[in-house]
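Here are the chains, one letter per residue:
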Amino acid sequence: MDARVNALAEHLLLIERELRVLGWWQEQAPSAEALASQEPFCVDTLTFEQWLQWIFLPRMKQLLEADAALPSVSGIQPMAEMVYREQSGVTRRLLELLGEFDRLLTRTS
């Protein structure tokens, strides 16, 4: 088992918690069409926080639970920094969590 699994799982929970604290957690999923976007981060159909909640978090949880191979690179923090550049004060903690997740994911086990 990959030694990073527990730390990554904890960070997924922290990211979810921060989305809730920010008031960005949604109870209703976007449409199937919106979720099926082929664009990176579903930029054409979802907000970044929707992508985190409905695509990123579930996929990463599935990989961890299945003990599947983890991606060797991650660039979620730079994308988030671009998306939230006008809200950096509000999103500071979320950006920190995403950056730490990126670092954990790219660290070898």
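Coordinates for the structure precede this section.
First, a word on scope: everything that follows refers to the structure included in this document. Being a predicted model, the structure only gives us computed values, none of them experimental. (Residues numbered from 1 in each chain as written. Predicted model: local features only at pLDDT ≥ 70, side-chain atom pairs only at ≥ 80, totals over all residues. Heavy atoms only, no water.)

## So, the packing of aromatic side chains
- What the rule picks out here adds up to seven aromatic pairs.
- Here the aromatic rings of Trp51 and Phe56 are separated by 5.5 Å at their centres, their planes lie at 25°, and the arrangement is stacked. Each member of the pair, Trp51 as well as Phe56, carries the same accessibility label: buried.
- Among the aromatic residues, those joined into a cluster by ring pairs are Trp24, Phe41, Phe48, Trp51, Phe56, Tyr84 and Phe101. (Phe/Tyr/Trp six-rings, centres within 6.5 Å; stacked < 30°, edge-to-face > 60°. Buried < 20%, exposed > 50% of the residue type's maximum accessible area, 1.4 Å probe, protein only.)

## Here's the deal with the environment of Asp67
- Along the chain, Asp67 turns up in the loop between helix 3 (48-65) and helix 4 (76-83).
- Accessibility expressed as a relative area gives 46% for Asp67, which makes it partly exposed.
- Along the chain, Asp67 and Ala7 lie 60 residues apart, while their C-alpha atoms are 14 Å from each other. (Helix = DSSP H or I, 4+ residues; strand = E, 2+ residues; numbered from the N terminus.)

## A short note on the nonpolar core
- Counting residues in hydrophobic clusters, the biggest one holds 30 residues, and the most contacted among them are Ile15, Phe48, Trp51, Leu52, Phe56 and Leu94.
- The set of elements that each furnish at least two residues to this core consists of helix 1 (5-21), helix 3, helix 4 and helix 5 (88-106).
- Examining the composition of this core, we find that eight residues originate from one element, helix 3, more than from any other.
- Contact partners of Phe56, with chain neighbours within four places excluded, come to Leu12, Ile15, Trp51, Ile76 and Phe101. (Core = buried A, V, L, I, M, F, W, Y, C linked by side-chain atoms within 4.5 Å. Contact = heavy atoms within 4.5 Å.)

## Here's the deal with the pattern of salt bridges
- Following the criterion strictly, the structure yields five salt bridges and no others.
- The residue Lys61 makes a salt bridge to Glu16 at a minimum N-O spacing of 3.3 Å. Here Lys61, found in helix 3, pairs with Glu16, found in helix 1; they are 45 residues apart in sequence, far enough to count as distant.
- For Arg103, the salt bridge goes to Glu100, with nearest N and O atoms at 3.3 Å. In this pair, Arg103 and Glu100 are both assigned in helix 5, three residues apart and thus about one turn of the helix distant.
- Taking relative accessible area as the criterion, Arg103 reaches 43% and is therefore assigned partly exposed.
- Residues joined in a network through salt bridges with shared partners are Glu16, Arg20 and Lys61. (Salt bridge = Lys/Arg side-chain N within 4 Å of Asp/Glu carboxyl O.)

## A word on helix 3
- If you check helix 3, its first and last C-alpha atoms are 24 Å apart, about what 18 residues at 1.5 Å a residue would give, namely 26 Å.
- Of all the bends in helix 3, the largest measures some 30° and sits at Phe56, one to four residues before the proline Pro58.
- Looking only at helix 3, the buried set comprises Phe48, Glu49, Gln50, Trp51, Leu52, Gln53, Ile55, Phe56, Leu57, Met60 and Leu64.
- Where helix 3 is buried, its residues touch helix 1, helix 2 (32-35), helix 4 and helix 5.
- Among the residues trailing helix 3, Asp67 stands out with phi positive, at a value near 50°. (Expected span 1.5 Å × (residues − 1). Bend = angle between axes of the 7 residues up to and from the residue.)

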